[in-house]
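Reading the structure
For reference, the chains in residue letters:
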Amino acid sequence: MKIKDVLGAVRGRLDSAGIEEAWLEAELLLRHALCLGSVGLFLEHDEELGPSQVKLISLLVDRRVSGEPVAYITGKREFYGREFHVNPHVLIPRPETEHLVEKALEIVSLIKYPVVADIGTGSGAIAVSLAAEVPDARVFAVDISDPAIDTARLNARRQGVESSITFLYGDLAEPLPGPVDVLIANLPYVNSADCVASPEPQLALDGGIGGLDAIERLCNSLEGKLRLGGWVLLEIGQGQAETVQRLLREALPDARVGTIKDLAGIDRVVWGQTG
Ligand SMILES: C[S@@+](CC[C@H](N)C(=O)[O-])C[C@H]1O[C@@H](n2cnc3c(N)ncnc32)[C@H](O)[C@@H]1O
């Protein structure tokens with residue numbers, strides 16, 4: 001079979017399985033199986049595939065159709081213009097999390113030798129992106145999952161920023177050795193009932209009944225964790241902005257507090273700056 005015919009068949013199978021981005025995902029699976037870039041795949045459209053290649057692609061498609069995310073199958077996902085290794089121990093980084101990175105970059109561009117903390121680092125998407133974009137930044141990356149920290153460290157090494165990041169195992173901001181200029185957190189914020197069937201780690205998603213357990217605990221533990229004029233940036237889910245703003249105001253009574261919307265117009269980040 002020619003590549004273009006296999007691609008068409010894979011698209012058809014993914015589409016019938018109700019996978020929304022069947023076109024894109026079919027391409028990602030074929031590129032992964034055949035070790036080709038997007039241009040390579042296009043240029044080789046008329047190449048004949050051997051039976052073992054067709055069999056391998058079919059096995060990958062079986063995994064996708066049975067619910068495994070394409071990023072776990074290929075082991076990678078792009079975030080803020082860089083490729084991150086991902087595996088079932090970490091959340092697959094989401095495009096909406098790039099708003100946290102953008103806001104953090106805006107803040108640290110005004111600070112010399114900024115100190116930044118990424119609480120709940122997962123794959124290291126936020127910590128590694130910031131360390132790569134801001135070479136004079138000192139970054140702390142915290143997670144309560146050892147395999148997540150191993151994954152974040154691998155990504156830091158691959159992006160050449162391992163020496164800018166200190167990886168800390170522990171609960172929320174507790175392991176930080178001192179106050180920081182910007183504390184960023186994309187913690188679990190999904191209601192327990194809504195994440196039981198997810199292939200991604202419960203530890204990364206489950207925010208308890210109401211979804212805000214981890215964020216509330218973080219807000220209540222901010223004392224001594226921020227430098228004067230320091231910032232907190234929290235990613236949130238739909239409908240959580242009001243509650244999280246209140247939590248932040250209670251925790252930091254002198255802070256300015258606000259929100260940032262994502263591209264879909266949903267409040268996605270709650271920020272606070274200490275007075
Ligand atoms: C939603 S994921 C975010 C991962 C990554 N920062 C991203 O944006 O793609 C949340 C992460 O927080 C970690 N986590 C959950 N509870 C935690 C806690 N109490 N202390 C530290 N990390 C925690 C999870 O292990 C997971 O890696």
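Residues numbered from 1 in each chain as written. Predicted model: local features only at pLDDT ≥ 70, side-chain atom pairs only at ≥ 80, totals over all residues. Heavy atoms only, no water.

1. Some words on the site of the ligand
- Near the ligand, the surroundings consist of 18 residues, among which Gly120, Asp143, Asp171, Leu172 and Asn186 are the closest.
- Between a nitrogen atom of the ligand and a main-chain N or O atom of glycine 120, the distance comes to 2.8 Å.
- Between glycine 170 and the ligand, the recorded distance is 3.5 Å, taken from a backbone N or O atom to a nitrogen atom.
- Protein chains shield 96% of the accessible area of the ligand, which is 590 Å² for the free molecule. (Near = heavy atom within 4 Å. Polar contact = N/O pair within 3.5 Å; in protein donor to acceptor, adjacent residues only side chain to side chain. Areas by Shrake-Rupley, 256 points an atom, 1.4 Å probe, with all protein chains shown as cover.)

2. Considerations on helix H7 (residues 125-133)
- Of all nine residues that make up H7, seven are buried, and the element is covered over most of its length.
- Those residues of H7 that fall on the buried side of the exposure criterion are Ala125, Ile126, Ala127, Val128, Ser129, Leu130 and Ala131. (Buried < 20%, exposed > 50% of the residue type's maximum accessible area, 1.4 Å probe, protein only. Helix = DSSP H or I, 4+ residues; strand = E, 2+ residues; numbered from the N terminus.)

3. With respect to the sheet that holds strand S7 (residues 226-235)
- On the basis of which strands lie adjacent, the open sheet formed by seven strands has the order S5-S4-S3-S6-S7-S9-S8 and mixed pairing. Either end of the sheet is taken by a strand with one partner, and the two such strands are strand S5 (165-169) and strand S8 (256-261). Strand-to-strand twist in this sheet, taken as the mean axis angle between neighbours without regard to direction, amounts to 15°.
- Where strand S4 (residues 138-143) lies against S5, five bridges are found, and the strand directions are parallel. Counterpart to phenylalanine 140 in the pairing with S5 is threonine 166.
- The strands that helix H6 (residues 98-108) touches are strand S3 (115-119), strand S6 (180-185), S7, S8 and strand S9 (267-273); relative to S7, the one it contacts most, it runs at about 165°. (Pairing = 2+ DSSP bridges. Axes fitted to C-alpha atoms, helices over the stretch in contact; angles between N-to-C directions. Contact = heavy atoms within 4.5 Å.)

4. Considerations on the pattern of salt bridges
- Applying the stated rule across the entire model yields 14 salt bridges.
- The shortest N-O distance in the salt bridge between aspartate 267 and lysine 261 comes to 3.2 Å. (Salt bridge = Lys/Arg side-chain N within 4 Å of Asp/Glu carboxyl O.)

5. Here we look at the domain arrangement of the protein chain
- Taken as a whole, the protein chain is organised into domain 1 (3-74) and domain 2 (88-273).
- The C-alpha centroid of domain 2 is placed 34 Å from the C-alpha centroid of domain 1.
- Between domain 1 and domain 2, the residue contacts involve four residues of the former and seven residues of the latter.
- Carbon and sulfur atoms supply 77% of the area that domain 1 and domain 2 bury against each other, a total of about 390 Å² over both sides.
- The largest share of the area that domain 1 buries against domain 2 comes from Pro69, Ala71 and Tyr72, three residues that together contribute 92% of it. (Domains from an automatic or database assignment. Buried area = accessible area lost by both parts, 1.4 Å probe.)

6. Notes on the nonpolar core
- One finds Ile119, Leu176, Leu183, Ile215, Leu218, Leu234 and Leu248 to be the most contacted residues of the largest nonpolar core, which totals 32 residues.
- Looking at this core, the elements that each hand over two or more residues are S3, S4, S6, helix H10 (213-219), S7 and helix H11 (241-251).
- Once you skip the residues sitting within four places of it in the chain, leucine 248 turns out to touch Cys219, Leu222, Val232, Leu234, Val257, Val270, Trp271 and Gly272.
- If you look at the next biggest cluster of nonpolar residues, it comprises 31 residues, including Leu100, Val101, Ala125 and Ala156. (Core = buried A, V, L, I, M, F, W, Y, C linked by side-chain atoms within 4.5 Å.)

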